[in-house]
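Chain and residue survey
In case you want the letters, here they are:
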Amino acid sequence: MDFIELLEKRRSIRNFEDKPVPVALIKEIIQDSIKAPNASNKQAWNFIIITNAEFMKKLSDISRQGFIDSVKRNPDSPLKEYAKGLENRKEVNCFFDAPCLVYITGPTNVSTIREDVGILAAYFMLSATNKGLGTCWIGMGGGVRDKAVLKEMGLPEGHHLIAPIIIGYAKDGKIPPMRDRKEPTILKIIE
Ligand SMILES: Cc1cc2nc3c(=O)[nH]c(=O)nc-3n(C[C@H](O)[C@H](O)[C@H](O)COP(=O)(O)O)c2cc1C
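These notes cover the structure that comes with them. This is a predicted model, so every value here is computed, not measured.

1. Some details on the packing of aromatic side chains
Under the defined criterion, the tally for this structure stands at 1 aromatic pair. The ring of tyrosine 169 is capped by lysine 19, whose NZ or CZ atom sits 4.1 Å from the centre of that ring.

Quick look at the structure:
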């Protein structure tokens, strides 16, 4: 797959085959992703790999409620209607029943950790695409605050969940077409 094809094939996938992704394959993708640039080469990121469907649903339920509560705290939120719709839909799995969920995490005291993890996550998703897997960053899945649950997840104190990414084989190999991109605004060219 050439680079442009890889960029086009990396689409957010939300419908998966009921087929497990071997942890060894996830580890290969992690090895690719750590080639990402990161401030001062600190490589402060960490990973949590979850393939247990029951645990994933528990995290989805907690995150879903956290999302609803956070929208409620902000009466001007543009997500108000969406959050309201979610309130009575306990069956919703914000991880789309993916066979695997990877959290990329990092220490809160590294000032560039969000940027570092953001770039790493892009590498992660592109590497997965290159291996025939589909991914989707699930921002809503990062809303776990309960200390006992975070401990169960293996997250050390002073670290936070940054990028929750689901990963699996796209149902029937279907990759949706790229959603429209707006023409980028170049504010100024100074020559
Ligand atoms: C920070 C971030 C958070 C996202 N959160 C969600 C989410 O909670 N649920 C979801 O279905 N997709 C989520 N997405 C996926 C975006 O909706 C998707 O990337 C966007 O629509 C463009 O589609 P594409 O990835 O196929 O190019 C998120 C993406 C990013 C980068």
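Picking up where we left off.
2. Notes on the layout of surface pockets
The gaps left among the atoms become clear once a water-sized probe is rolled over them. Its volume calculated, the largest pocket comes out at about 300 Å³. Elements represented by at least two residues in the lining of the largest pocket include exactly α3 (53-73) and β4 (159-168).

3. Topic: the packing of α3 against helix α4 (residues 80-87)
The geometry of a pair of packed helices is captured by two quantities: the angle between their axes and the separation between those axes. Close contact between α3 and α4 brings their axes to 9 Å; oriented N to C, the two are set at 135 degrees. Relative to α4, the element α3 lies oblique. Of the two elements, α3 crosses α4, and the hand of that crossing is left-handed. Here Arg64, Phe67, Ile68, Val71 and Lys72 of α3 come into contact with α4, specifically with Lys80, Tyr82, Ala83, Leu86 and Glu87.

Parameters at a glance
- Residues numbered from 1 in each chain as written.
- Predicted model: local features only at pLDDT ≥ 70, side-chain atom pairs only at ≥ 80, totals over all residues.
- Heavy atoms only, no water.
- Phe/Tyr/Trp six-rings, centres within 6.5 Å; stacked < 30°, edge-to-face > 60°.
- Lys NZ or Arg CZ within 6 Å of the ring centre and 35° of its normal.
- 1 Å grid on protein atoms, 1.4 Å probe; cavity = no way out; pocket = protein on both sides within 12 Å on 5 of 7 lines; lining within 4 Å.
- Points joined across faces, edges and corners; volume = space filled by probe spheres on them.
- Helix = DSSP H or I, 4+ residues; strand = E, 2+ residues; numbered from the N terminus.
- Axes fitted to C-alpha atoms, helices over the stretch in contact; angles between N-to-C directions.
- Parallel < 35°, antiparallel > 145°, perpendicular 65-115°, else oblique.
- Left-handed = near helix turned anticlockwise from the far one by under 90°.
- Contact = heavy atoms within 4.5 Å.

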